[in-house]
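Okay, here's what each chain looks like letter by letter:
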Amino acid sequence: MMSITVNGVEITDAMIEAESQHHQDAPSMLDATIQELILRELLLQRAASLAIEAATPEETIGLLLQTEVKITDADEAACQEYYNNNPQSFVRGEMVEGSHILFKPSEEASLDAVRETANAVLAEVKANPEKFAELARQHSACPSGQQGGDLGQFGRGQMVPEFEHAVFSLNAGEVAADLVETQFGLHIIRAGEKVAGATVAFDEVKEKLAEFLSNIATRRAMNQYLQTLVNAAKIEGYTLPGAEPAAV
């Protein structure tokens, strides 16, 4: 691997090896490790330039962020606006029956090959809706296929977001117009009967909503701050996602 430097300071192989143990579950352990080390080095360099120092590097970074990243807590007006604009997020007890036909890629069949099959089955479902259960038994890679794809009744938060968004947006008996892709594969989704929920009062959720919005604002401010440091730095040997190209 080409030597990685951050404003002339090298990220060594030993540093990468030591840090990598904290990123075992990342999709790319090496990328997650290198990115963490680069950002940490940038933050420590920035702290040194401002004469900010504490007992440990972590405490130093904490003091730096307290100094430079200003977060305004979400006020009641911001919470009320979010509440008004996202009514579907504040419904309790909403339920839906759902069925699906799942297509999963494998060593024998790539995602593209599976997608071709899934689209063909979707076209057949659209042409013959009454055959949904039969087609689920024939094609679904989910154990529910043996029950004609029936997943029973469930509420919000019980399925992965892509699946949930699709099934709750359908009318009873309606099949999603397109395949829905999730971490499990490709789904043909049909909604069954729905049970309408009750809207949760604003006063009941405003404290958690303020915390939620403040957390979003904190992440956004942190990302912007880190991106500013990255764009102003000379980083060689590795390109961080979203970094602007170095001036020639």
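Scroll up a little and you will see the structure.
Conventions we followed
- Residues numbered from 1 in each chain as written.
- Predicted model: local features only at pLDDT ≥ 70, side-chain atom pairs only at ≥ 80, totals over all residues.
- Heavy atoms only, no water.
- Helix = DSSP H or I, 4+ residues; strand = E, 2+ residues; numbered from the N terminus.
- Contact = heavy atoms within 4.5 Å.
- Areas by Shrake-Rupley, 256 points an atom, 1.4 Å probe, with all protein chains shown as cover.
- Lys, Arg positive; Asp, Glu negative; His and termini not counted.
- Charge placed at Lys NZ, Arg CZ, Asp CG, Glu CD.
- Expected span 1.5 Å × (residues − 1).
- Buried < 20%, exposed > 50% of the residue type's maximum accessible area, 1.4 Å probe, protein only.
- Pairing = 2+ DSSP bridges.
- Axes fitted to C-alpha atoms, helices over the stretch in contact; angles between N-to-C directions.

> Outline the overall build of the protein chain, supporting the account with residue identities and numerical values.
Along the protein chain, the regular secondary structure elements total 8 helices and 9 strands. With respect to the three principal axes, the spread of C-alpha positions in the protein chain is 70 × 55 × 35 Å. Put simply, 63% of the contacts in the protein chain that link residues at least 6 apart link residues at least 24 apart. On the protein chain, roughly 15,100 Å² of surface is accessible, and the fraction owed to carbon and sulfur atoms is 50%. Where the 17 positive side-chain charges of the protein chain centre and where its 38 negative ones centre are 6 Å apart.

> Break down helix 2 (residues 29–49) for me, with residues and values.
End to end, helix 2 covers 30 Å across 21 residues, agreeing with the expected 30 Å (1.5 Å per residue, within 8%). Those residues of helix 2 not exposed but buried are T33, I34, L37, I38, E41, L42, L43 and A47. In this structure, the buried residues of helix 2 make contact with strand 1 (4–6), strand 2 (9–11), helix 1 (13–20), helix 3 (57–68), helix 8 (202–232) and strand 9 (235–236). Just downstream of helix 2, A51 is the residue with a positive phi angle, here 60 degrees.

> Describe the sheet that holds strand 6 (residues 180–182), naming the residues involved and giving the relevant values.
The strands that make up a sheet are held in pairs by hydrogen bonds between backbone atoms, and each pair lies either parallel or antiparallel. One open sheet accounts for 4 strands, arranged 5-4-7-6; its pairing is antiparallel. Looking along the sheet, the strands with just one partner apiece sit at the ends: strand 5 (150–155) and strand 6. Recorded for the sheet is a direction-independent mean angle of 45 degrees between the axes of neighbouring strands. Examined bridge by bridge, strand 4 (residues 95–103) and strand 7 (residues 185–195) share 8 bridges and lie antiparallel to one another. Residue S99 lies in a different strand from strand 7, and its bridge partner there is R190. Sitting on the sheet, helix 5 (residues 111–127) touches strand 4, strand 6 and strand 7, and the angle it makes with strand 7 is about 35 degrees.

> Give me the sheet that holds strand 2: which residues, what numbers.
Strand order across the open sheet formed by 3 strands is 2-1-9, with antiparallel pairing between neighbours. Single-partner strands in this sheet number two, and they are strand 2 and strand 9. Lying on the sheet, helix 2 is in contact with strand 1, strand 2 and strand 9; it crosses strand 1 at an angle near 25 degrees.

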